Amino acid sequence: MSTRILALDDKLVLPATLGTTLNRLLPIGFALIGIGLSVALGRLDVQRQESELVANAGARLSGVRAALEAQLRSAFGETEGIAQLISADGQISPEHFHDMARQAIASVPHIRHISVAPGDVIDDVYPIKGNQSIIGVDYRHLPDQYPMLQRARDHYSPVLAGPVQLYQGGRGLIYRRPVFLKGHKGVKLYWGNVSIVADIDRLLSAAGLDLDPGFELALRGADGQGSAGAMIWGNPKLFEEHAVTVNVDVPGGLWQLAASPLGGWPSMSLFASPLFLFALTCTGLFSVFVAQLNRSNHLINLRNRELKQSQAQLERLAHYDVITGLPNRVLFNQRLQEAINAEQRLAVLVLDIDGFKQVNDSLGHPMGDLLLQQATARFVQVIDDQDGLCRLGGDEFAFLLVGAEHACIDRVQGLLQTLQLPFDLNGNAALVTGSIGLAWHPEHGQSSDRLLRHADTAMYAAKESGRNAWRLYHPDMTERLQERLCLERNLRRALQNNEFELWYQPKIDLFSGRIEGAEALLRWRDPDYGLVSPAQFIPLAERTGLIIPLGEKVLELACQQIAAWRAADCLPGPLAINVAALQIERSDYVASLSRSLKRYDLPPTLLEVEITESLLMESQQQACAALAQLQAMGVATAVDDFGTGYSSLAYLKSLPIDHLKIDRAFIKDLPADDDAVAITRAIIDLGHALGFHITAEGIETQAQYDFLRNAGCDQGQGFLMARPMPAQALQTWLADRQMRQHLVID
Ligand code: C2E
Ligand code: MG
Ligand code: MG
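Calculation criteria
- Residues numbered from 1 in each chain as written.
- Chains lettered and ligands numbered in written order.
- Predicted model: local features only at pLDDT ≥ 70, side-chain atom pairs only at ≥ 80, totals over all residues.
- Heavy atoms only, no water.
- Donors = N, O, S within 2.8 Å, 3.2 Å for Na, K, Ca; no water.
- Helix = DSSP H or I, 4+ residues; strand = E, 2+ residues; numbered from the N terminus.
- Buried < 20%, exposed > 50% of the residue type's maximum accessible area, 1.4 Å probe, protein only.
- UniProt positions renumbered as here; feature names shortened; annotations may be inferred.
- Pairing = 2+ DSSP bridges.
- Axes fitted to C-alpha atoms, helices over the stretch in contact; angles between N-to-C directions.

### Structural notes on the coordination of the magnesium ion (ligand 2)
Part 1: In this structure, E519 (OE), N578 (OD1), E610 (OE) and D640 (OD) serve as the protein donors to the magnesium ion (ligand 2), at separations of 2.0 to 2.2 Å.
Part 2: Along the chain, the residues donating to the magnesium ion (ligand 2) fall in the pattern E-x58-N-x31-E-x29-D.
Part 3: Taken as an interatomic distance, the gap from the magnesium ion (ligand 2) to the magnesium ion (ligand 3) is 4.2 Å; D640 donates to each of them. With N578 in strand 20 (residues 575-578) and D640 in strand 22 (residues 636-642), the pair connects residues that are 62 residues apart, well separated along the chain.
Part 4: With a relative accessible area of 29%, N578 lands in the partly exposed category.
Part 5: When its relative accessible area of 5% is taken as the criterion, D640 is described as buried.

### Here we look at the coordination of the magnesium ion (ligand 3)
Part 1: Looking at the magnesium ion (ligand 3), one finds its protein donor set to be D640 (OD), D641 (OD), E697 (OE) and E697 (OE), positioned 2.0 to 2.5 Å from the metal centre.
Part 2: Sequence spacing of the donor residues for the magnesium ion (ligand 3), all on one chain, is D-D-x55-E.
Part 3: Note on E697: relative accessible area 12%, which makes it buried.

### Structural notes on the UniProt feature "domain: GGDEF" (unreviewed entry) in the protein chain
Part 1: The sites that carry the UniProt feature "domain: GGDEF" (unreviewed entry) are, in the present numbering, residues 344-475.
Part 2: Across residues 344-475, helical content stands at 45% and strand content at 31%; the span's end C-alpha atoms are separated by 22 Å.

### Details of the sheet that holds strand 7 (residues 231-233)
Part 1: With antiparallel pairing, the 4 strands of this open sheet are ordered in space as 7-6-9-8. Both edges of this open sheet fall to strand 7 and strand 8 (244-250), since each of them pairs with a single strand only. Here the average twist between neighbouring strands, direction ignored, is 30 degrees.
Part 2: Pairing between strand 8 and strand 9 (residues 253-261): 7 bridges, direction antiparallel. Paired with V246 across the two strands is L257, which belongs to strand 9.

Have a look at this one:
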């Protein structure tokens, strides 16, 4: 019977009396259904509000976790140099130890002291003042500290102990780094330990734990024991009931962070949901209305449909991304966790679209959104029905692939290929690629959080490998991240200690053989490693923003050198300096360049600026404005490494550029390779027709030189004529060359 009542379209076959009763019952039935639907809608709305709060808490926690991990890395990475020195030499002199420890404490203020303990007996500490009492302490007689040391030694890796109450007062974290010497046949011999004690409260505050407007945070896991460890900071109550938690990786273990909104989690009632109240009011009004017009089955059907639609819409808002219609991070995490609980073997991918920022910047955000939608449609074609896909935000997507390993990898490759096809964005063609990181469950992690994090690390490795690639997570990647941090620290020190110098490579007029200027190339003279090439540190300097102060240094050194050459009346011509896109984007580059010129009283025509083609393409707007200002001042502008960045010559013509430097990749195959010949000729001829002055980079052979001169190339640089060299060596080279020319003329 009940199914028949709901099947309103069947009215024609009902007996007449039953029809009348039904008509009377209709408004009541409608009110009941309406109330039911309002409750369902209200619940969904409340759920959505709750999951938003949880997602906010989760996002806040991820931020704090990243800050904490970074603080820990930077505080405790400092022992590495000391430990490695001992490993290599079997000892460290007190002077050397004090010197390294002093530098470490100067760069990380929360370190309180650093000690070395051969055979686990402390024999030196820095600073000594206030810490004399610990010299001679034998860890084996400290039952509260020795077990952690044993753990570090047994696992051959550092551990983080504490927080402990320090003899010297206050609470500290102790990082224990076991040190091993290499014995016969690679056997590791335990030497002792190096320990860093850091002020935990300053460290946590540097990570921003106490600065939170909306959330209360708490941290537990003393001695790296995760949820089993004692409280470290904050209110233990946060870990009860509704806590949103994340794990923080610390050396040799885990900490656990929890967040809850200030004032606790609101207990949300249905009446707090505007949607519920709205739906209920509508139900009341419509029930009355329907009572008047209860003959109209059509109306009822219509209203039912509308309510169902809004219910579905609410469901979408809570769990789906508005732009692509894909599940959001919350729903994806649920799915992933379910798959993990079911002990399925699966691949977790993080995909980032390379070049998306360019599309957004050049064509506008609506076209960026369109690209995301089209890319989503392509991804759906590539993956299987059982796979999952979500948009993590921006141009980042996550995938969950199930099935055999080789089949998953086929799909990963399919994803890269599908992105390479051009996108048609309302008539604008856009080319992008993708970088993918992959982590396997269970090998690379047992929680959705860890799998996603490792896939993310692998994605960065794919980006670094040159993009349009995929990489499988490997623990070395985390290690490489640490190496990068170490390089970053060294770069900062190098800037402070003025370890940078410029070398100079002459530019030659290919037709007359005259010197027409030089290019300044940066070198880092590291006290330990000697000369380091820019290819090794410029990319990191760009990623970390250190390129800004570094670029200032280059400007300063270049202007200083031009002034010195002028004073000695031996200027080889204008000096070109290389500029990174970020310098132009982020700093007041033009102003600082003109300040440097003024300081040394130099005319702008003595300086040239080179920017690589690919970087120019990535930040067209800012770069163009700055290049136009430079040109207007009289500073010549050049596009470096031309031919590698996919820009067209005709397009470059619209930009404020004077010179093109053909990339070495084309020169090196001259004159034997037909393609290289055709491309080089085309660049020279078309470039000249458009008014550019053309330079060839990397000329290494006489045959290349002759070909380029005959093809009409204006200028050249390369090992054939001269390698980059220090200023003094350039002077000697110039004098030699002049003498030889005189000899030829005489
Ligand atoms: P670049 O501006 O294209 O510089 C040319 C590079 O090619 C230099 O490498 C130079 O030593 C090398 N080279 C020149 N002639 C030849 C040759 O005949 N054969 C070969 N094999 N190589 C040749 P370098 O000095 O290692 O610099 C690498 C890149 O680092 C530069 O490429 C430039 O993009 C960047 N760079 C150098 N100095 C600076 C700087 O002060 N600031 C910025 N932002 N980037 C810089
Ligand atoms: Mg250059
Ligand atoms: Mg170049």
